[in-house]
Amino acid sequence: MKLAIMQPYFLPYIGYFQLIAAADAFVIYDHIKYTKKGWINRNRMLVNGADVMFSLPLKKASDACDVVERELAADFDPQTLLKQWRGAYAKAPHFAQIYPLLEHIMGTGEPNLFRFIHHSVLSICTYLGITTPIHISSSIAIDHTLRGQDKVLALCDAMEATTYINGMGGVALYEKEVFAARGVDLTFLRPKPLEYPQFGDSFVPWLSILDVLMFNPREVVAGWVHQHYELL
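Calculation rules
- Residues numbered from 1 in each chain as written.
- Predicted model: local features only at pLDDT ≥ 70, side-chain atom pairs only at ≥ 80, totals over all residues.
- Heavy atoms only, no water.
- Pairing = 2+ DSSP bridges.
- Helix = DSSP H or I, 4+ residues; strand = E, 2+ residues; numbered from the N terminus.
- Axes fitted to C-alpha atoms, helices over the stretch in contact; angles between N-to-C directions.
- Right-handed = clockwise from strand over helix to strand, strands pointing away.
- Phe/Tyr/Trp six-rings, centres within 6.5 Å; stacked < 30°, edge-to-face > 60°.
- Buried < 20%, exposed > 50% of the residue type's maximum accessible area, 1.4 Å probe, protein only.
- Lys NZ or Arg CZ within 6 Å of the ring centre and 35° of its normal.
- Parallel < 35°, antiparallel > 145°, perpendicular 65-115°, else oblique.
- Left-handed = near helix turned anticlockwise from the far one by under 90°.
- Contact = heavy atoms within 4.5 Å.
- Nonpolar A, V, L, I, M, F, W, Y, C, P; charged D, E, K, R; others polar.

K.L.:
Which residues make up the sheet that holds strand E1 (residues 2–6), and what values do they have?
P.N.:
With mixed pairing, six strands are arranged side by side in an open sheet as E5-E2-E1-E6-E7-E8. Sheet topology places strand E5 (134–136) and strand E8 (229–231) at the edges, where each strand pairs with a single neighbour. Shown here is a sheet whose adjacent strand axes are inclined to one another by a mean of 30 degrees, direction ignored. As judged from the three bridges shared by strand E7 (residues 185–191) and E8, these two strands associate in the antiparallel manner. Looking at E8, one finds that Pro191 is bridged to Tyr229.

K.L.:
Explain the pairing of E1 residue by residue, including any values.
P.N.:
Pairing geometry for E1 and strand E6 (residues 163–167), over three bridges, is parallel. Counted as the bridge partner of Lys2 is Thr163 from E6. Handedness of the crossover joining E1 and strand E2 (residues 25–28) through helix H1 (residues 14–22) is recorded here as right-handed.

K.L.:
So, the packing of aromatic side chains: which residues are in play, and what are the values?
P.N.:
Aromatic ring pairs: the centre-centre distance and the angle between the two ring planes describe each pair. For the structure on display, the rule yields 18 aromatic pairs. Seen from their ring centres, Phe54 and Trp85 are 5.5 Å apart, and the 90 degrees between their planes marks the pair as edge-to-face. Here Phe54 is found in strand E4 (residues 50–55), whereas its partner Trp85 is found in helix H2 (residues 78–89), with 31 residues between them in sequence. As far as burial versus exposure is concerned, Phe54 and Trp85 are alike and both buried. Ring-pair connections join several aromatic residues into one group, and the members of that group are Tyr89, Tyr196, Phe199, Phe203, Phe215 and Trp224. The ring centre of Tyr34 lies 4.7 Å from the NZ or CZ of Arg70, which sits over that ring.

K.L.:
How would you sum up the packing of helix H3 (residues 95–106) against helix H4 (residues 113–128)? Please name residues and give values.
P.N.:
Packing of H3 against H4 leaves a shortest axis separation of 9 Å and a crossing angle of 150 degrees. For the element pair H3 / H4, the angle class is roughly antiparallel. At the point where H3 passes H4, the crossing takes the right-handed sense. Two secondary-structure elements touch here, H3 through Gln97, Ile98, Leu101, His104, Ile105 and Met106 and H4 through Phe116, His119, Ser120, Ser123, Ile124 and Tyr127. When grouped by side-chain class, the residues that make up the contact of H3 with H4 number seven nonpolar, five polar and no charged.

K.L.:
Can you break down H1 residue by residue, with the values?
P.N.:
Extensive coverage of H1 is indicated by the burial of nine of its nine residues. When H1 is considered as a whole, its buried residues turn out to be Ile14, Gly15, Tyr16, Phe17, Gln18, Leu19, Ile20, Ala21 and Ala22.

Nothing here speaks to function; it is all geometry.
Now the structure itself:
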């Protein structure tokens, strides 16, 4: 069984969904530290030919809080982000198909950061036809005080994984020999270069899945999700 594990990200790059699609089961961390400079509650979109950040505003909280302990700001208005996306992509070829999906994601009414992002991931997976079961890490019976590679290995054991697929960011973090000793083949997923027309301007790479969906038909994006990568 092929397992992939990642922390939650809000409307991440297509590689996140490639990782989900490549696995037989996917685990999303809820008890993982929130980092201010990370990408958990923010990402990038295209505005006038340049990449611009968008984000989910959060209530103030201790830096020691896990993602599942963070809440959206009390004055957060989903319409603010929807208006930003409409302003940026109203003339994109697939705006009419994608905007209702964004309204569905933003209309959940969920104030908890993890559950809000979890809902968004499930919604995009459904839209793209990704059927991989997604498990929340805290629901799996392991020692959750473990960290890093040890926690990943514990999740592999609990899920009876024979292969663990990680993004390229894990190359420096995990050791193939250690995984092999536990009967797990460690593999890394590398997205293939992706380029598509963006209003006729120079291509801006590594944007949110939002950008990919706005400029490409669903079936094309689904094909990229399932095939446009290599396992190393």
